[in-house]
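# Results of the structural survey
The lines below spell out each chain.
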Amino acid sequence: MTKKLTLLIMLVGCVGPLSAGLFSRNYTIPELRKQMAGLSPSGRENTRARLLTELGIALYRDGQEEEAIKNLQEAAELGLRPSLARQLYRYLAKCYENLGRLDKSIEAYQMAVNYDSKNWKRHRDLGRMYRHAKLYSKAASAYLTAVHLNPKKGELYFALGQIWQQLGFYHYAEKNLVKSLDLGQNHNEVFHELSFVFESMGRYGEAAGSWNEMINDQSTDEDWCRLIYLAYLAKDEALAKNALISLSKRDVPKETYRFYETLVRWIPLPPAQILSKGVTTPTFRDFFSSHP
């Protein structure tokens, strides 16, 4: 027997029947339940855990999250091999996520990370749930780990850009958003986020320019109003007038159009002077302070 053949036999023996049978085919829910019913009471725990996990995953894919959770939790109480635990906690987290149980979903994704720490997707998933729970510092940490494991994935830098913006670290937000664009992230998504970052930094010209990069005929009335607002802040009269022309072609309330028309006309004047030029109605002041 050659050394290569001996090594191959040893590897197959190490894998064993569990890995060989794990998700080797897409069993239906009735088939899996039939296999479960055929197990003897003294059957091996790892076989039962595998079937329970496969059944839980099948139920999840069938939209039966509550039933899936019962099977996956039962499997988790048995002896789990790492290869099985990675799948179990991943789908358990998905079930809780679909049900809106952020706390339980985060716990399950944390377990998935523990068993699959070298997989960037698990850190990304955990970071996404931290964001949903508004735990932005933890989300940043999870995404930074994901970036370390996969530094060529634009979606990770895009998410980090959004998180840094939410935390108020605008320089880091800008840096990561630009990086995501370089790596192929959606053009409109990136410039949409960059516009808010630049506005928060007081760089109104860049904020208006970024918004102008992603606005189009399918954009909302509010999007066009925001462009006029940003152009006003940037004192870019030409951009504001062009945006006003586009707004005039849309079905916006007359008072809204008049407001932005007046705003464009007053671009050369600072806001304090505008409000002091005989404009004393509370309606204008409220509109000016609460509208984009």
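As the structure is a prediction and not an experimental result, all values here were calculated from the model.

Our next topic: the overall build of the protein. When you go through the protein residue by residue, the secondary structure sums to 17 helices and zero strands. For the protein, the proportion of contacts with a sequence separation of at least 24, taken over those separated by at least 6, is 49%.

Positive phi is not limited to glycine here, since Lys 134 has a value of about 65°. Looking at where Lys 134 falls in the secondary structure, it is placed in the loop between α7 (120-132) and α8 (136-149). In this model, Lys 235 sits at a positive phi of 60°, which is unusual for a non-glycine residue.

Turning our eyes to something else, we now look at the packing of helix α2 (residues 29-37) against helix α3 (residues 45-61). As a packed pair, α2 and α3 sit with axes 10 Å apart at the nearest point and diverge in direction by 160°. Overall, the two elements α2 and α3 adopt an arrangement that is roughly antiparallel. In this structure, α2 meets α3 at a crossing whose hand is left-handed. Here α2 contributes Ile 29, Leu 32, Arg 33, Gln 35 and Met 36 to the contact with α3, which in turn contributes Arg 48, Leu 51, Leu 52, Glu 54, Leu 55, Ala 58 and Leu 59. Classifying every residue of the contact of α2 with α3 by side-chain character gives eight nonpolar, one polar and three charged.

With that settled, consider the packing of aromatic side chains. Taken as a whole and assessed by the stated rule, the structure comprises seven aromatic pairs. Here a set of aromatic residues connected by ring pairs shows up, and it is made of Trp 164, Phe 169 and Tyr 172. Cation over ring: Arg 226 sits above Trp 211, and NZ or CZ is 4.5 Å from the ring centre.

Below, the discussion takes up the pattern of salt bridges. All told, the structure shown has 13 salt bridges when counted by the stated rule. Salt-bridge contacts for Arg 122 lead to Asp 125; the nearest nitrogen and oxygen are separated by 3.0 Å. With Arg 122 and Asp 125 both in helix α7, this residue pair falls three residues apart, about one helical turn. In this structure Arg 122 comes out as buried when scored by relative accessible area, which is 7%. The exposure class of Asp 125 is buried, given its relative accessible area of 4%. Among the salt bridges present, the one from Arg 124 reaches Asp 125, with a minimum N-O distance of 3.1 Å. Within the structure, one salt-bridge network assembled from shared partners comprises Glu 97, Arg 122, Arg 124, Asp 125, Arg 128 and Glu 155.

Moving on to the side chain of Asp 223. Turning to its location among the elements, Asp 223 is positioned in helix α13 (residues 221-234). Of the side chains bearing the opposite charge, Arg 226 lies closest to the buried Asp 223, which forms no salt bridge; the N-O distance is 6.6 Å. With near-sequence residues (within four places) excluded, Asp 223 lies in contact with Trp 211 and Ile 215.

The next thing to look at is the side chain of Ser 105. Its location among the elements puts Ser 105 in helix α6 (residues 102-115). Here Ser 105 falls in the buried class, since its relative accessible area comes to 0%. Among residues more than four places away in sequence, those in contact with Ser 105 are Ala 93, Tyr 96, Glu 97 and Met 129.

To continue, consider the nonpolar core. The biggest cluster of nonpolar side chains holds 78 residues, and the ones touching the most others in it are Leu 80, Tyr 89, Leu 92, Leu 227, Ile 228, Leu 247 and Tyr 260. No other element matches the nine residues that helix α5 (residues 82-98) contributes to this core.

Rules used in this analysis
- Counting restarts for each chain, with residues numbered from 1 along the sequence as it is written.
- Reporting in this predicted model follows two pLDDT cut-offs: at least 70 for local features of residues, and 80 or more for side-chain atom pairs to be given and counted; totals over whole chains, interfaces and linings ignore these cut-offs and use all residues.
- Computation of side-chain values: all heavy atoms of the structure, hydrogens and water removed.
- Numbering of helices and strands starts at the N terminus; helices are DSSP runs of H or I of at least 4 residues and strands are runs of E of at least 2.
- Throughout, a contact is declared for two residues whenever any of their heavy atoms are within 4.5 Å.
- To obtain an axis, a line is fitted to C-alpha atoms, over the contacting stretch when the element is a helix, and the angle between two such axes runs from 0 to 180 degrees between their N-to-C directions.
- Angles below 35 degrees are treated as roughly parallel, those above 145 as roughly antiparallel, those between 65 and 115 as roughly perpendicular, and all remaining angles as oblique.
- Note on convention: the crossing is left-handed when the near helix lies turned anticlockwise from the far helix by less than a right angle, right-handed when the turn is clockwise.
- Following the grouping adopted for this structure description, the nonpolar residues are Ala, Val, Leu, Ile, Met, Phe, Trp, Tyr, Cys and Pro, the charged ones are Asp, Glu, Lys and Arg, and the polar ones are all others, Gly among them.
- When the centres of two rings from Phe, Tyr and Trp lie within 6.5 Å, Trp using its six-membered ring, the rings pair. Their planes under 30 degrees apart give stacked, over 60 give edge-to-face, and anything left gives tilted.
- In this analysis the charged atom, NZ for Lys or CZ for Arg, is taken to sit over a ring once it is within 6 Å of the ring centre and within 35 degrees of the ring normal.
- A side-chain nitrogen of Lys or Arg and a carboxyl oxygen of Asp or Glu constitute a salt bridge if their distance falls within 4 Å.
- Categorising residues by exposure relies on relative accessible area from a 1.4 Å probe, with only protein chains included: less than 20% of the type maximum marks a residue as buried, more than 50% marks it as exposed, and the intermediate range marks it as partly exposed.
- The charge count treats Lys and Arg as positive and Asp and Glu as negative. His and the chain ends do not count.
- Within this scheme, the nonpolar core is defined by two criteria: the residues are buried Ala, Val, Leu, Ile, Met, Phe, Trp, Tyr or Cys, and they are joined through side-chain atoms within 4.5 Å.

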